[in-house]
Structure formats: C-alpha cells, structure tokens
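Each chain is listed here by its residues.
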Amino acid sequence: MCAHVALLDYGAGNLRSAQRALEHVGARVSVTSDAEIATQADGLVVPGVGAFSYCMEGLRAIYGPRIIGQRLAGGRPVLGICVGHQILFDRGVEHGVDTPGCAQWPGVVEELQTPVLPHVGWNTVEAPEGSAMFEGLSPEERFYFVHSFGVRTWEFEGDDLTEPPRVTWASHGGDRFVAAVENGPLWATQFHPEKSGEAGLHLLRNWVRRL
C-alpha cells in the first residue's frame, strides 16, 4: 500500500510541484489544512515560501505548530522544506522583525552574510556520514536553493536518550549555513528537493520509503 502523505496547506507553500514530486516517488498525497488528516497521515510535509513571519502567521492560523508537535511526540515523520525548514527553529529575524518559530530546534534564522543575495541556484551540500536522507546520492549532486536567510550556527547536539541529529551544510558566497537536518522523525531541507531534478526525487524517495 502507498504511504499517505499530508502536504500542509497554510497559504504559504509550493504545493503543486511538491505534490507532483511526492506522487512521482510513490506517495498518495492529500493537500490539506485539516488537523486530523495532517496528524494521522503516514508522513507530513511542511512546505514554505516567502517571509518567516508570513509563514508562521499562516501556520498558526491552522494550528500548524500543534500538529507538528503532536506528530513528533508520537514519533510520526515530518519533512520541512525551505521556509518549512526554517520555521522549525526557535526564531527568525528578517528586516528587523523577530518572529517566534515552532522551536523544535534551538537556533536563529538570519540573513546570510554574503554580498550576493538572494542565493538562487544549484549547490552541492556537505552531508554527514551515515545520512539516511542522502543515502545513495553522490557528494557531487546539486540541489536547488532559493533563499536569503538561513541558520548559520547549529546549537543542538541531542541528548543521551536519542541519536544525535545529522546536520548537512552548504556554502554560498563564503557563508556557511544549515542545508538539511535529520533528527529522528523530523527531517528538513533548506533547498527544494521537489525542484532538484533526479537528486531531489531520490531524496524524497528515501523519505517516503521510511514512512
């Protein structure tokens, strides 16, 4: 039976391309803002485009932080993409606006320190040894990024009861930022796997197969 993936619709996501990519790798996808569907699906994808504050406003309107928290409390997989990755951290600071996030991880989303913004285009990433997210992918593979803000310092090493998070890094214009995180049932990518060609589809397939 196909894994059922809820693609969270909160008014700030790249829904159609994400839906097509997930269906291409074998998932049955429901685009939804319904809390029960989002909580009970085999997997939840939280997309996101635009400003951190705008995404958090839309997410709070459909009780998104609660949905994410309930899923993770039960060990149910969640995948954040782009700003859907960023909102998992403590807070985002954009153009002087400091907005609380979902606080699944400590850390601040802030402007990248590089003369060329936004960061738009294809980049390699530095995946850690043993990564399940990048299993079967070459270190030379490139992924598609569109952003000006990111998490430049990783502050969470886990605890004695759980496996340490696996953090993937990328660089742009001399600045280094978190490109992806694997932390138990919670995965997230700063790049867009649904726009990253065969490499992105391979990554999504890795996630769907674990649901």
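Owing to the predicted nature of the structure, the values given are computational and were not obtained by experimental measurement.

Hey, could you go over the sheet that holds strand β13 (residues 186-189) for me, with residue numbers and the actual values?
Sheet architecture is open: seven strands sit in the order β2-β1-β3-β4-β13-β12-β11, paired in mixed fashion. In the strand order of this sheet, the two ends are held by β2 (28-32) and β11 (166-172), each with one partner. The average angle at which neighbouring strand axes cross in this sheet is 20 degrees, direction not considered. Two elements, strand β1 (residues 4-8) and β2, share five bridges in a ladder whose sense is parallel. Within the sheet, the bridge partner assigned to Val5 lies in β2 and is Val29.

Can you lay out the sheet that holds strand β10 (residues 149-151) for me, pointing to particular residues and giving the numbers?
The strand order across the open sheet built from four strands is β6-β5-β7-β10, with neighbouring strands paired in mixed fashion. Looking along the sheet, the strands with just one partner apiece sit at the ends: β6 (97-100) and β10. Sheet twist, expressed as the average angle between the axes of neighbouring strands with direction ignored, equals 20 degrees. Pairing analysis gives three bridges linking strand β7 (residues 105-111) to β10, with the strands arranged antiparallel. Within β10, the residue paired with Glu111 across the bridge is Phe149. Set on the sheet, helix α3 (residues 52-61) makes contact with β5 (89-94), β6 and β7; between it and β6 the angle comes to about 30 degrees.

Cut-off values and rules
- Residues numbered from 1 in each chain as written.
- Predicted model: local features only at pLDDT ≥ 70, side-chain atom pairs only at ≥ 80, totals over all residues.
- Heavy atoms only, no water.
- Pairing = 2+ DSSP bridges.
- Helix = DSSP H or I, 4+ residues; strand = E, 2+ residues; numbered from the N terminus.
- Axes fitted to C-alpha atoms, helices over the stretch in contact; angles between N-to-C directions.
- Contact = heavy atoms within 4.5 Å.

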